[in-house]
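Topology and contacts: notes
Here is what each chain is made of, one letter per residue.
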Amino acid sequence: MIDINTDRYGPVVMMHFHGNLTREVLKDIEDAWSDEIDSTPEVIALDFRNVAQIDSICINHIFKMARTAEKEKIRLVIVDVFETLKKIFEVIKLDKVVAIMTKQQFESKYLKDL
């Protein structure tokens, strides 16, 4: 089970994930993502503060999300990821495709003028 809540700050969208990202919840993730893409924000942040586990299917989906965001000229950012997941993302080079930031870095870069 996953809960996804969204906050909007002008052209910035923050999607908060609560639970494990697994193939069982992929449809919920895709639906929430589609809703946000349709609203054409400048930035979409994925808040992983409450995500302790992610499976390979969902990791692949993040790469797909990054391609979609790039095509739509939307900046995709992962915020507040656990250190263990961050290391996995670095090994698979996800950090080369999607910016990974702390909450403070994100707020300083994208929310300071809003």
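Description of the structure in this document. Since the model is a prediction, treat every value here as computed from it, not as a measurement.

Reading the values: rules and limits
- Residues numbered from 1 in each chain as written.
- Predicted model: local features only at pLDDT ≥ 70, side-chain atom pairs only at ≥ 80, totals over all residues.
- Heavy atoms only, no water.
- Salt bridge = Lys/Arg side-chain N within 4 Å of Asp/Glu carboxyl O.
- Buried < 20%, exposed > 50% of the residue type's maximum accessible area, 1.4 Å probe, protein only.
- Helix = DSSP H or I, 4+ residues; strand = E, 2+ residues; numbered from the N terminus.
- Polar contact = N/O pair within 3.5 Å; in protein donor to acceptor, adjacent residues only side chain to side chain.
- Contact = heavy atoms within 4.5 Å.
- Pairing = 2+ DSSP bridges.
- Axes fitted to C-alpha atoms, helices over the stretch in contact; angles between N-to-C directions.
- Phe/Tyr/Trp six-rings, centres within 6.5 Å; stacked < 30°, edge-to-face > 60°.
- Parallel < 35°, antiparallel > 145°, perpendicular 65-115°, else oblique.
- Left-handed = near helix turned anticlockwise from the far one by under 90°.
- Nonpolar A, V, L, I, M, F, W, Y, C, P; charged D, E, K, R; others polar.

1. Here's the deal with the pattern of salt bridges
- Under the counting rule described, the total for this entry stands at 5 salt bridges.
- For the salt bridge of E24 with R23, the shortest nitrogen-to-oxygen distance reads 4.0 Å. The exposure classification of E24 matches that of R23, with both residues exposed.
- The partner of K103 in a salt bridge is E107, and the shortest N-O contact between them spans 3.9 Å. Of this pair, K103 and E107 both sit in helix α4 (residues 103–111), 4 residues apart, which is roughly one turn of that helix.
- Judged by its relative accessible area of 35%, E107 is partly exposed.

2. Things to note about the side chain of D47
- Turning to its location among the elements, D47 is positioned in strand β3 (residues 43–50).
- According to the relative accessible area criterion, D47 is buried, its value standing at 4%.
- Within polar-contact distance, the side chain of D47 engages the backbone nitrogen of R49 at 2.9 Å.
- Ignoring anything within four residues of it in the chain, the contact list for D47 reads M14, M15, H16, F17, V79 and D80.

3. Here we look at the sheet that holds strand β2 (residues 12–19)
- Pairing within the open sheet is mixed, and its 5 strands lie in the order β1-β2-β3-β4-β5. The open sheet terminates on both sides in strands that have one partner only, identified here as β1 (2–9) and β5 (99–101). The mean inter-strand angle of the sheet, taken between neighbouring strand axes irrespective of direction, is 25°.
- By the bridge criterion, 5 bridges tie β3 to strand β4 (residues 75–79) in an arrangement that is parallel. By the bridge assignment, D47 is partnered in β4 with V79.
- On top of the sheet, helix α1 (residues 26–38) reaches β1, β2, β3 and β4; it is set at about 10° to β1, its chief contact.

4. Re the packing of aromatic side chains
- By the definition in use, this model includes 3 aromatic pairs.
- Geometrically, the ring pair formed by F106 and Y110 is tilted, given 5.3 Å between the ring centres and 40° between the ring planes. Residue F106 and its partner Y110 are located together in helix α4, separated by 4 residues, close to a single helical turn. Grouping residues by exposure puts F106 and Y110 together as buried.
- Connected via pairs of aromatic rings, a cluster forms that spans F17, F48 and F89.

5. Structural notes on the packing of α1 against helix α2 (residues 56–71)
- Two elements in contact, α1 and α2, have axes separated by 12 Å at closest approach and are oriented at 10°. On the basis of their axis angle, the class for α1 and α2 is roughly parallel. Here the hand of the crossing between α1 and α2 comes out right-handed. In this structure, α1 contributes L26, I29, E30, W33 and I37 to the contact, and α2 contributes I57, C58, H61, K64, M65, T68 and A69.
- Of the residues assigned to the contact of α1 with α2, the class counts are 8 nonpolar, 2 polar and 2 charged.

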